[in-house]
Amino acid sequence: MKQVRGANVWFLPAVRLLQRLTFPRKFALISFFFALPLAIVLYFLSANIQEQARVARLEIDGVHYLAPLNALHDALPQAMSLASAYLQKQPFAIEHYPTRQIEIDSLLAALAETDAQLGSQLGTTQQFRILRSSWTDLKSQLAKLTPEISDDQFHKLSTQIEELSALVGDQSTLILDPDLDSYYLMDAILLKLPESASIVARTRQLVGARTAAGQPLTEADYSELITQAGLLQLDLHKLERGLGVAFAHNPSGTVQPALDQPLAQYAAATRSLLQLIDETTASDARGRFSAESYQNAAALVLASNTWLWNRAAQQLETVLQHRIDRLRQQLAFFLLVALVAVLVVT
């Protein structure tokens, strides 16, 4: 009993305070102590939801930045081939290279506008300026270069574009996306499709260079085509698997209907190119190899790659916006529940 009385001593000030308060004030005090922990929980819950929404908005910014960057990535290989042919005084290149150069200028201008809007958030401005400076130097010095040095400079530009793309993926946290549907859409536009486009572009340049020089493909050229075909087939397998996972784990069910057709077209074009390589690079079949047929098949792959990339980027943005909307709804629901709880108590 002494222990109980001793323990009760600690509550005497609170008991005396309540005894002096009127009933309305007692209820107000009780409501305050009920609402305080609820408000603390709501604060941290709200902060967490808003942080998730902020990250999703940052990912959308990353998708917006990648769009002009990917267009530049896709246009550069043909510009490189035309520049090399231009330096070799080939009439077709002399006629068409200036147009391609203007296109690269236009794509860089579009990327500059995007960087002006998003560069400070994504930390890309310095690397973009290096890229733009490299292109300006290449343009001004091109007439003085050999075809080999020109190719090296274009490869340097391609590397800078890939590094900038990787930076955007990191800084926008696209590379860390937590949901399966958006993660594999990110994987497609940030990694698999650009990598596949680069593989196909390299093989087109290899075949085109031999054709322009009036030479047949060498043993090393055929071996390189076979190697690149293996890499392309592996990328296609990973892409189809990844998008299959995205289709199966997309709550809104909108991704698969939007991507079924472009994915099927890209896969069919890629398999046709792989079949062409397989049928014409074997030792006893090389006499049937046609540079024109190869270039046409590769061009179809690149065109379908671009179509799939654009549609996948649109779907990724849609999925991320749905996530933001869902988070806002959750926050509104929790606030409503808390308000009702407070009203019931008071």
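Below is a summary of the structure that appears in this document. (Residues numbered from 1 in each chain as written. Predicted model: local features only at pLDDT ≥ 70, side-chain atom pairs only at ≥ 80, totals over all residues. Heavy atoms only, no water.)

1. Things to note about the overall build of the protein
Piece 1. Broken down by element type, the protein carries ten helices and zero strands.
Piece 2. Each helix and strand of the protein, placed in order from N terminus to C terminus, yields the pattern α-α-α-α-α-α-α-α-α-α.
Piece 3. Its C-alpha atoms give the protein a radius of gyration of 30 Å, more than 25% over the compact-globule value 20 Å for 346 residues.
Piece 4. By principal-axis analysis of the C-alpha atoms, the protein measures approximately 105 × 45 × 35 Å.
Piece 5. Of the contacts made within the protein by residues no fewer than 6 positions apart, 79% connect residues no fewer than 24 positions apart.
Piece 6. For the protein, the exposed surface amounts to about 19100 Å²; the carbon and sulfur share of it is 59%.
Piece 7. Charged side chains of the protein number 28 positive and 33 negative; the gap between the two group centres comes to 17 Å. (Helix = DSSP H or I, 4+ residues; strand = E, 2+ residues; numbered from the N terminus. Rg over C-alpha atoms; globule rule 2.2 N^0.38 Å. Contact = heavy atoms within 4.5 Å. Areas by Shrake-Rupley, 256 points an atom, 1.4 Å probe, with all protein chains shown as cover. Lys, Arg positive; Asp, Glu negative; His and termini not counted. Charge placed at Lys NZ, Arg CZ, Asp CG, Glu CD.)

2. Quick word on the packing of helix α4 (residues 91–122) against helix α5 (residues 125–141)
Piece 1. Viewed as axis vectors pointing N to C, α4 and α5 meet at an angle of 165 degrees, and their least axial separation amounts to 10 Å. For the element pair α4 / α5, the angle class is roughly antiparallel. For the element pair α4 and α5, the recorded crossing hand is left-handed. Along the contact surface, α4 presents Tyr97, Gln101, Ile104, Asp105, Leu108, Leu111, Ala112, Asp115, Gly119 and Ser120, while α5 presents Thr125, Phe128, Leu131, Arg132, Trp135 and Lys139.
Piece 2. Of the residues in the contact of α4 with α5, the class split is eight nonpolar, four polar and four charged. (Axes fitted to C-alpha atoms, helices over the stretch in contact; angles between N-to-C directions. Parallel < 35°, antiparallel > 145°, perpendicular 65-115°, else oblique. Left-handed = near helix turned anticlockwise from the far one by under 90°. Nonpolar A, V, L, I, M, F, W, Y, C, P; charged D, E, K, R; others polar.)

3. A closer look at the nonpolar core
Piece 1. Of all hydrophobic cores here, the largest spans 79 residues; its most connected members are Tyr65, Leu111, Phe154 and Leu273.
Piece 2. Counting only elements with at least two residues in this core, the list comes to α3 (23–87), α4, α5, α6 (147–171), α7 (180–212), α8 (219–248), α9 (255–280) and α10 (291–345).
Piece 3. Of the residues forming this core, the biggest block, 16 residues, is contributed by α3.
Piece 4. Aside from chain neighbours lying at most four places away, what touches Phe154 is Leu76, Ala79, Met80, Ala83, Tyr97, Trp135 and Leu138. (Core = buried A, V, L, I, M, F, W, Y, C linked by side-chain atoms within 4.5 Å. Buried < 20%, exposed > 50% of the residue type's maximum accessible area, 1.4 Å probe, protein only.)

4. Observations regarding α5
Piece 1. The terminal C-alpha atoms of α5 lie 24 Å apart, and with 17 residues this matches the ideal 24 Å at 1.5 Å per residue to within 8%.
Piece 2. Every buried residue belonging to α5 is among Phe128, Leu131, Ser134, Trp135 and Leu138, and all of these are buried. Seen end-on, α5 carries its buried residues on one side only, within an arc spanning 120 degrees. Set apart from the buried face of α5 by more than 90 degrees, the exposed residues are Gln126 and Arg129. (Expected span 1.5 Å × (residues − 1). Arc of directions from axis to C-beta.)

5. Observations regarding unusual backbone geometry
Piece 1. Of note in this structure, Lys89 is not a glycine but carries a positive phi near 65 degrees.
Piece 2. With respect to the element layout, Lys89 can be found in the loop between α3 and α4.
Piece 3. Not every positive phi belongs to a glycine, and Thr173 is a case in point at roughly 65 degrees.
Piece 4. Among the structural elements, Thr173 can be located in the loop between α6 and α7.

6. Description of a nonpolar patch on the surface
Piece 1. A contiguous nonpolar surface patch, about 550 Å² in accessible area, is contributed by Phe32, Leu36, Ile40, Tyr43 and Phe44.
Piece 2. The residue Leu36 is located in helix α3 in this model.
Piece 3. Residue classification places Leu36 among the partly exposed residues on the basis of a relative accessible area of 38%. (Patch = residues over 30% accessible without salt bridge, like charges linked within 9 Å, V, L, I, M, F, W, Y side chains within 5 Å. Salt bridge = Lys/Arg side-chain N within 4 Å of Asp/Glu carboxyl O.)

7. Structural notes on the pattern of salt bridges
Piece 1. Evaluation of the coordinates by the stated rule reveals eleven salt bridges.
Piece 2. The closest approach of N and O atoms between Arg323 and Asp179, which form a salt bridge, is 3.1 Å. One end of the pair, Arg323, is in helix α10; the other, Asp179, is in the loop between α6 and α7, with 144 residues separating them in the sequence.
Piece 3. On the basis of relative accessibility, which here comes to 28%, the residue Asp179 falls in the partly exposed class.

8. Quick look at the packing of α5 against α6
Two measures define how a pair of helices packs: the angle their axes make with one another and the distance between the axes.
Piece 1. One way to put it is that α5 packs onto α6 with a least axis distance of 10 Å and a crossing angle of 165 degrees. By the angle between their directions, the pair α5 and α6 is classed as roughly antiparallel. In this structure, the crossing between α5 and α6 has a hand that is left-handed. Contacts between α5 and α6 pair Gln127, Phe128, Ile130, Leu131, Ser134, Trp135 and Leu138 from the former with Gln153, Phe154, Lys156, Leu157, Gln160, Ile161, Glu163, Leu164 and Leu167 from the latter.
Piece 2. A class-by-class count of the residues in the contact of α5 with α6 yields ten nonpolar, four polar and two charged.

9. Overview of the packing of aromatic side chains
Piece 1. Throughout the structure, instances matching the rule amount to six aromatic pairs.
Piece 2. Where Tyr86 meets Tyr97, the ring centres are 5.3 Å apart and the plane angle is 40 degrees; that geometry is what we call tilted. Of this pair, Tyr86 sits in helix α3 while Tyr97 sits in helix α4, placing them eleven residues apart in sequence.
Piece 3. Accessibility expressed as a relative area gives 2% for Tyr97, which makes it buried.
Piece 4. Between Tyr222 and Phe289, the aromatic rings sit 5.9 Å apart at their centres with planes inclined by 90 degrees, giving edge-to-face as the arrangement. Of this pair, Tyr222 sits in helix α8 while Phe289 sits in the loop between α9 and α10, and the two are 67 residues apart along the sequence.
Piece 5. A relative accessible area of 15% means that Phe289 is categorised as buried.
Piece 6. In textbook terms, an aromatic cluster arises when at least three aromatic residues are bridged by ring pairs, as seen for Tyr222, Phe289 and Tyr294. (Phe/Tyr/Trp six-rings, centres within 6.5 Å; stacked < 30°, edge-to-face > 60°.)

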